[in-house]
Structure formats: C-alpha cells, structure tokens
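Examination of the molecular architecture
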Amino acid sequence: MKFLSRFYIDGFILAIIAVAILGSLFPVSGSGQTVLDWATKIAIGFLFLLYGARLSPAEALQGLKHWRLHSVVFASTFVLFPLIGLALRILVPTVITDEMYTGILYLCLVPSTVQSSIAFTSIARGNVAGAIVSASFSNLLGVFVTPVLVILLMNTTGEATVDFSSVLDIVLQLLLPFLVGQLIRPLVIDWLKKYAEPTKLVDRGSILLVVFSAFSESMNEHIWSTVTVLEVAAVVAVCCGILAVVLGATAFAGRKLGFSLPDRIVIIFCGSKKSLATGLPMASVLFAGQPVGLIVLPLMIFHQIQLIVCAALAQRYAKRTDPDPVTT
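Residues numbered from 1 in each chain as written. Predicted model: local features only at pLDDT ≥ 70, side-chain atom pairs only at ≥ 80, totals over all residues. Heavy atoms only, no water.

The protein appears in an unreviewed UniProt entry as Bile acid:sodium symporter family protein from Rhodococcus parequi.

In structure tokens, the structure reads:
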C-alpha cells in the first residue's frame, strides 16, 4: 500500500477496477439486469441529491467575487478540453478507433473533480478557497453544461446517439434530485456533516454500482471482443497527451493573465481535471442502451493518469521556498 500511495493510487480506484472486472466476468442478464438497471437509476438520483444537499449557495455566491479565476478554470474545462477532443478526430482510424474516440470526446466534456482538485491545491500551497469554489462550480455547472455539450458535439460529429428525448432522463435522474437536494439542504446539512464518512460510502457505492452495470451490459453485448490491447494502449497515450497539453496551456494562461502563484496553482489543478465521480453516472443516463463501459473507459484511464501526474506536480510546488501571498 505504501508503494501504491506514492503514485496516488487509492483504494477507490482499485475498487473501481475490481468492480469493472467482476462486471466483465459475471455479467447480469434477464430479470437480474432489470433489477440492476433500476437500482442504478435510483443510486444515480440519490448521488445527485447528495451533491445538491452539500453545496452551500451562500458560500458559492461569496466565492464568485473572484470571477476572473473561476472564468479561466471554466474555460479550460468546458472550452479548451472540448476543442482538444474535437481536434483529436484526426487520429481516427489510424491511431484510435471510432469507438475509443467516442469515449475520449466524452471525457473532454465532463466537469472537473472536486476532492482531488482541492487536495492537490492544498498540498501545493495554493489558493484553497479559490479551488473550492472553482471545483464546486465546475461540478454544479457540469450537470447542465455536459449534457448540452454531449447532445451538440457528439451528435453533430456522429460519435454517439443522444436524442433530445434524453433531456427528460437528464432532468429526472440528474437535475431534479440535485434541486431537491438544494431544497432540503437546511434540514439535512448538519446530519451530512456529522456522518460525512458514511455518506462518502454511499457516494462511492453508487459509483461502483454504475461501473458494474456498465461493464456487465458491455459483456452482454460482446463489446470487449472488439477491443485489443494495442487500442487500449493508444488511448493511454492519447490521454497522456491531452493532460500534457492542458497542463501546459493552464500554466501559460495563468502567467500571461497576471495571476499570483497561488491562483495559478488553482488554474492548473482545477482546470486540468476530469471527474470520474460525475462522469460515470452521467454516461449511464446519456448513453442508455449504448456500450457505456467502452465509452467511460478513456475517462477511467485519464482519471488515474491525472492523479499520478498531479500528485507529483503538487509535491514539486509544495517544496518551493518563496510562495506568493494567497489571493482571496
């Protein structure tokens, strides 16, 4: 475990891999698949209800005062990444297959992470308050922005079929629970704070259920028989390239726009991340009836790569001896 922690490979990532393997080895079919589908939908709804209940509107509005910082993070997450994803279409079919490109484009459209963005910013001695607001708003806006981007970009490029009837599913499974969470927040926030660890288990259990369902369905549809080791290796290489470009672009933008070092750290860590926790449940709603396991595979790969690289980068920033004053 000490060896794994050096590379920021935590137990949750290992659990996701284990569940993906289980779903592939022991796929559920028939009535069991129907039960699993409904359980997954309920879990996704509950997950987004918790997201809504945890987000403080007052704190979020207060944090918006540093709008320049959050605008740059938003642009990186929802403008730069999608543009990179569209540009990578030139790699099909010589480097990556159409199916893998679908997953790569999707990973470019999901919001930023929350926990790891804030954690790495803290380790790097950056503007933690700014990271909290930027990462939280990326996830909040992602509930609205990501489905719109998927419908507009993935439909027009022919990489996935997401018709506008999916909007109802998005509203019922994602937006409505989120809004309910906001409404009941005053009643449950103290309880959520008191039992933070148990509710994290609910979060992670929901995501693991989504992963199992996605890979089980993929096996039932014989999706993995079409994927080779070389194709997966190509996706790993492309994910590394995407992260390198975004890290370079966010570092360059932070300097050119005159941000202090603590704020530049926020831009780098919040602007370069993609959320597995948000992206997986969204994919199961957006791509219902399609090979979800294959679509989310690049996101799972990118997520682990970003943790490894950003952990090393955060440690490098932490060792500096002349930090700038934190901008609030």
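Some points on the overall build of the protein
In terms of helices and strands, the protein carries 14 helices and zero strands. Put simply, the protein runs from its N terminus to its C terminus through helices and strands in the order α-α-α-α-α-α-α-α-α-α-α-α-α-α. Per-residue burial for the protein yields a buried fraction of 51% across its 328 residues. Put simply, of all contacts in the protein between residues at least 6 apart along the chain, 87% involve residues at least 24 apart. Element-wise, carbon and sulfur atoms account for 71% of the exposed surface of the protein, whose accessible area totals about 15000 Å². (Helix = DSSP H or I, 4+ residues; strand = E, 2+ residues; numbered from the N terminus. Buried < 20%, exposed > 50% of the residue type's maximum accessible area, 1.4 Å probe, protein only. Contact = heavy atoms within 4.5 Å. Areas by Shrake-Rupley, 256 points an atom, 1.4 Å probe, with all protein chains shown as cover.)

Concerning helix α12 (residues 261–271)
With ten of eleven residues buried, α12 lies mostly within the body of the structure. Inspection of α12 places Leu261, Pro262, Asp263, Ile265, Val266, Ile267, Ile268, Phe269, Cys270 and Gly271 among the buried residues, and these make up the whole buried set.

A short note on the packing of helix α5 (residues 67–87) against helix α11 (residues 229–256)
Interaxial distance between α5 and α11 falls to 11 Å at its minimum, and their mutual angle equals 135 degrees. One element, α5, and the other, α11, form an angle in the oblique class. Seen from above, α5 lies across α11 with right-handed handedness. Facing α5, whose interface residues are Ser76, Leu80, Phe81 and Ile84, α11 presents Ile242, Val245, Val246, Ala249 and Thr250. (Axes fitted to C-alpha atoms, helices over the stretch in contact; angles between N-to-C directions. Parallel < 35°, antiparallel > 145°, perpendicular 65-115°, else oblique. Left-handed = near helix turned anticlockwise from the far one by under 90°.)

What to know about the confidence of the model for the protein
Averaged over the protein, the pLDDT score is 80; the fraction of residues at 70 or greater is 83%. The secondary-structure element of the protein with the lowest mean pLDDT is helix α1 (residues 2–6), recorded at 51, while α11 shows the highest, at 95. Ignoring residues within four places in sequence, the model shows residues 323–328, a span with pLDDT below 50, making 14 contacts including any to other chains. (pLDDT = per-residue confidence, 0-100.)

Examining the packing of aromatic side chains
Inspection of the entire model under this criterion finds five aromatic pairs. With a centroid separation of 5.1 Å and an interplanar angle of 50 degrees, the aromatic rings of phenylalanine 74 and phenylalanine 78 are classed as tilted. One end of the pair, phenylalanine 74, and the other, phenylalanine 78, are both in helix α5, four residues apart, so they sit about a helical turn from each other. What makes phenylalanine 74 partly exposed here is its relative accessible area of 32%. Residue class for phenylalanine 78 comes out buried when judged on its relative accessible area of 6%. Ring geometry for phenylalanine 269 against tyrosine 317: centres 6.3 Å apart, planes inclined by 75 degrees, an arrangement best described as edge-to-face. On the criterion of sequence distance, the pair formed by phenylalanine 269 in helix α12 and tyrosine 317 in helix α14 (residues 292–318) is long-range, its members being 48 residues apart. What makes phenylalanine 269 buried here is its relative accessible area of 0%. Taken together, the ring pairs connect Phe120, Phe269 and Tyr317 into an aromatic cluster. (Phe/Tyr/Trp six-rings, centres within 6.5 Å; stacked < 30°, edge-to-face > 60°.)

Side note on the nonpolar core
One finds Tyr106, Ile242, Phe269 and Phe287 to be the most contacted residues of the largest nonpolar core, which totals 71 residues. Per-element accounting of this core gives the leading share, 15 residues, to α14. Once residues lying within four places of it in the same chain are set aside, the contact partners of phenylalanine 269 are Ser117, Phe120, Thr121, Ala124, Cys310, Leu313, Ala314 and Tyr317. By size, the runner-up hydrophobic cluster in this structure holds ten residues, among which are Val72, Val73, Ile118 and Ile267. (Core = buried A, V, L, I, M, F, W, Y, C linked by side-chain atoms within 4.5 Å.)

So, α11
Counted at 1.5 Å a residue, the expected span for α11 with its 28 residues is 40 Å, and the 41 Å between its end C-alpha atoms agrees. Of the positions making up α11, those classed as buried are Ala234, Val235, Val238, Cys239, Ile242, Leu243, Val246, Leu247, Thr250, Ala251 and Gly254. For α11, the elements touching its buried residues are α5, α6 (98–107), α12 and α14. At the C-terminal side of α11, glycine 258 shows a positive phi close to 80 degrees. (Expected span 1.5 Å × (residues − 1).)

So, the UniProt feature "transmembrane region" (unreviewed entry) in the protein
UniProt's entry tags residues 7–26, 38–57, 69–92, 104–124, 131–154, 166–189, 232–253 and 294–314 with the feature "transmembrane region" (unreviewed entry), counted in the numbering of this structure. Across residues 232–253, helical content stands at 100% and strand content at 0%; the span's end C-alpha atoms are separated by 32 Å. (UniProt positions renumbered as here; feature names shortened; annotations may be inferred.)

Topic: the packing of helix α13 (residues 276–286) against α14
Close contact between α13 and α14 brings their axes to 10 Å; oriented N to C, the two are set at 170 degrees. Regarding the angle of α13 to α14, the classification is roughly antiparallel. Residues Leu276, Gly279, Leu280, Ala283 and Ser284 of α13 lie in contact with α14, whose contacting residues are Val292, Val296, Leu299, Met300 and His303. Looking at side-chain class alone, the contact of α13 with α14 contains seven nonpolar, three polar and no charged residues. (Nonpolar A, V, L, I, M, F, W, Y, C, P; charged D, E, K, R; others polar.)

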